[in-house]
Amino acid sequence: MKILIVDDDEDSRTLLQRFLRGEGYELHLAADGREGVARFEAVQPDIVLMDVMMPEMDGYEAARAIKAAAGERFVPVIFLTAVHDEKALARCVEFGGDDFLTKPYSRVILLAKIDALRRVCGLYRTLQAQRDELRRHENRLLREQELAERVFTRILRRGRVEAHNIRFLSEPAAISNGDLLLADRAESGHQYLLLGDFTGHGLSAAMGALPVSQLFHRLVAEGAGVETMVSGLNDAVREVLPTGMFFAAAVVEYVPERLEVTLWSGGIPDVLLYRVADGRVERIVSRNLPMGVVGSKGLAPEVERLRVGRGDRLFLYSDGVIEARNGEEALFGPERLEGCLQGEPAGFFSAIVDALARFRGNHPQDDDISLLELLC
C-alpha cells in the first residue's frame, strides 16, 4: 500500500517514516497541504496521514480537495493533531477525515489504525467490484429485455389495434408488457378485439403473447366465432404457460352493420357498456375462468350477446387500472373509473386517462395498465 505523509514539520515526517519503515508500505512525503494535494494526484496513495496546521493550505482544505479528487475511490485520511479539544476533533471528521491521531504519536496505535483502515479499503473495493458487476448484469438484462420487446412489438403487430373507432392505453410496469391488446377485422367486416393480462408482468409474463397473437389473427382471418376463438386460444395458452400461470382476457366480436357485440370474458374486471340513449352504464361481469386454467373440454365458454346503439361505448381494462395506487396506498377502484363516464361521451376515454394519472401522481406503477374503448 502507498501512504502519503503530509506534515510541515520535518521531525514529525521523520518520526512517522521511522514508525512505518519495515512494514512493507511505499511512503511518499509532502511538506504542506498544497504539495500534499499535488502529490496525491501524482502517486494515488491508498491512505493519507494529514497534519492539521500547515502553511499554504491547512489540513482541512487539503483533505477536502483530496476526497474530491479521489471520486468514488475510498482513500482514508488520518488527521495528525496536537489538540485534544472535542470540537477540533469533530471538525476533522467534518472535513472528510476518517480517523485522527493525537500527539505524541504512538507507533502501536498508528499501525493499528492503518491496519484497520486497510481492511476497510479492501471491503470497500470488494463492494465496488460487486456493485460494478451487478451494474453490468443489470445493463445486459435491460438490453436483452429491450431487444425482446422490440421483437415482440414487431411480431405482435400492435399497430393493428389502431382503428377509427378504437382508443387504447398501454403502460407496462416493466420494459416488457404482460398485458396484451389486439384488434383485427375479418373480410366480413366483423371487428375482433382482445384485451388480456398474463399472470405477473415483465418478460416472463409476455412470453405467451407471441402464440396468442399469431393464433388470434389467424382465427380472425378464418372468420371464427368467439367460442371457437376462445377454445383455440385457451389450448395455446395451456401449452405455452407453466403450471400456475394463466391468461385473464376479454374477447369481443363486433358486427357493425347489425350493431351486435359478442363478448367472452374470463378473470378480467367487469366490462363497462355505456348506453348513449339514456346515459346508463352496464357492468358485464366475467363468468368464465381465465384461459389456461382448464382444458377446452372443461372450459364451456359462456358468452354475452348484446344489442348496442349507435354511439354506445364498450370499455375493456386490465386490473392494473382499478388496482393502481396513490401515495396513500389507496386503490383507484371501479367506482372512480365508472365516475369518469359522465358528461360528453367523446371525452370519456381522456377523462379516465387523466383521472388515473392524477390519482397515481408520482407513486410507482405496480402492474401493467391497459384500457381499450370501442365506439359502436
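Reference entry: report on the structure contained in this document. Computed from a prediction, not measured in an experiment: that's the story for all the values here. (Residues numbered from 1 in each chain as written. Predicted model: local features only at pLDDT ≥ 70, side-chain atom pairs only at ≥ 80, totals over all residues. Heavy atoms only, no water.)

The sheet contact formed by strand β11 (residues 271-275) and strand β12 (residues 280-284) spans five bridges and is antiparallel. Bridged to Val271 within β12 is Ile284. Hairpin connection, β11 to β12: the antiparallel pair is bridged by four residues, and Gly279 has positive phi, about 75°. (Pairing = 2+ DSSP bridges. Helix = DSSP H or I, 4+ residues; strand = E, 2+ residues; numbered from the N terminus.)

With that settled, the discussion passes to the sheet that holds strand β1 (residues 2-6). Spatially, five strands are ordered β2-β1-β3-β4-β5 in an open sheet, and the strand pairing comes out parallel. A strand with exactly one partner marks an edge of an open sheet, and here the two such strands are β2 (26-30) and β5 (99-102). Geometrically, the sheet is characterised by an average inter-axis angle of 20° between neighbouring strands, direction not taken into account. Bridging between β1 and β2 involves five bridges; their strand directions are parallel. When the bridges of β2 are listed, Leu4 appears paired with His28. Sheet strands touched by helix α2 (residues 33-43): β1, β2 and β3 (47-51). Its angle to β2, the strand with the most contacts, is close to 145°. (Axes fitted to C-alpha atoms, helices over the stretch in contact; angles between N-to-C directions. Contact = heavy atoms within 4.5 Å.)

So, on to the packing of aromatic side chains. Enumeration according to the criterion identifies six aromatic pairs in this entry. Summarising the aromatic geometry, the rings of Tyr60 and Phe79 are spaced 5.8 Å apart at their centres and angled 55° between planes, so their arrangement reads as tilted. Here Tyr60 is found in helix α3 (residues 59-70), whereas its partner Phe79 is found in strand β4 (residues 77-81), with 19 residues between them in sequence. One exposure class covers both Tyr60 and Phe79, and it is buried. Both rings, one in Tyr60 and one in Phe95, keep their centres 5.0 Å apart while their planes meet at 35°; by these two values the pair is tilted. Separated by 35 residues along the polypeptide, Tyr60 in helix α3 and Phe95 in the loop between α4 (86-94) and β5 bring together distant segments of the chain. You'll find Tyr60 and Phe95 in the same group, each marked buried. (Phe/Tyr/Trp six-rings, centres within 6.5 Å; stacked < 30°, edge-to-face > 60°. Buried < 20%, exposed > 50% of the residue type's maximum accessible area, 1.4 Å probe, protein only.)

Here we come to the packing of helix α7 (residues 209-221) against helix α8 (residues 226-240). For the pair α7 and α8, the least separation of the axes is 10 Å and the interaxial angle reads 160°. Classified by the angle between their axes, α7 and α8 sit roughly antiparallel to one another. Between α7 and α8 the crossing geometry is right-handed. Here α7 contributes Pro211, Val212, Leu215, Phe216, Leu219 and Val220 to the contact with α8, which in turn contributes Met229, Gly232, Leu233, Ala236, Val237 and Val240. When the residues that make up the contact of α7 with α8 are grouped by side-chain class, the tally is 11 nonpolar, one polar and no charged. (Parallel < 35°, antiparallel > 145°, perpendicular 65-115°, else oblique. Left-handed = near helix turned anticlockwise from the far one by under 90°. Nonpolar A, V, L, I, M, F, W, Y, C, P; charged D, E, K, R; others polar.)

So, about a nonpolar patch on the surface. There is a patch of nonpolar side chains on the surface, built from Phe246, Leu289 and Val293 and spanning about 240 Å² of accessible area. Its location among the elements puts Val293 in the loop between β12 and β13 (304-307). Overall, Val293 belongs to the partly exposed group, its relative accessible area being 38%. (Patch = residues over 30% accessible without salt bridge, like charges linked within 9 Å, V, L, I, M, F, W, Y side chains within 5 Å. Areas by Shrake-Rupley, 256 points an atom, 1.4 Å probe, with all protein chains shown as cover. Salt bridge = Lys/Arg side-chain N within 4 Å of Asp/Glu carboxyl O.)

What follows covers the side chain of Asp184. Note that Asp184 resides in strand β7 (residues 179-185). Judged by its relative accessible area of 9%, Asp184 falls in the buried class. Within the local environment of Asp184, its side chain forms a polar contact with the side chain of His217, the two groups lying 2.8 Å apart. (Polar contact = N/O pair within 3.5 Å; in protein donor to acceptor, adjacent residues only side chain to side chain.)

Purely spatial values, then, with no claim about function.
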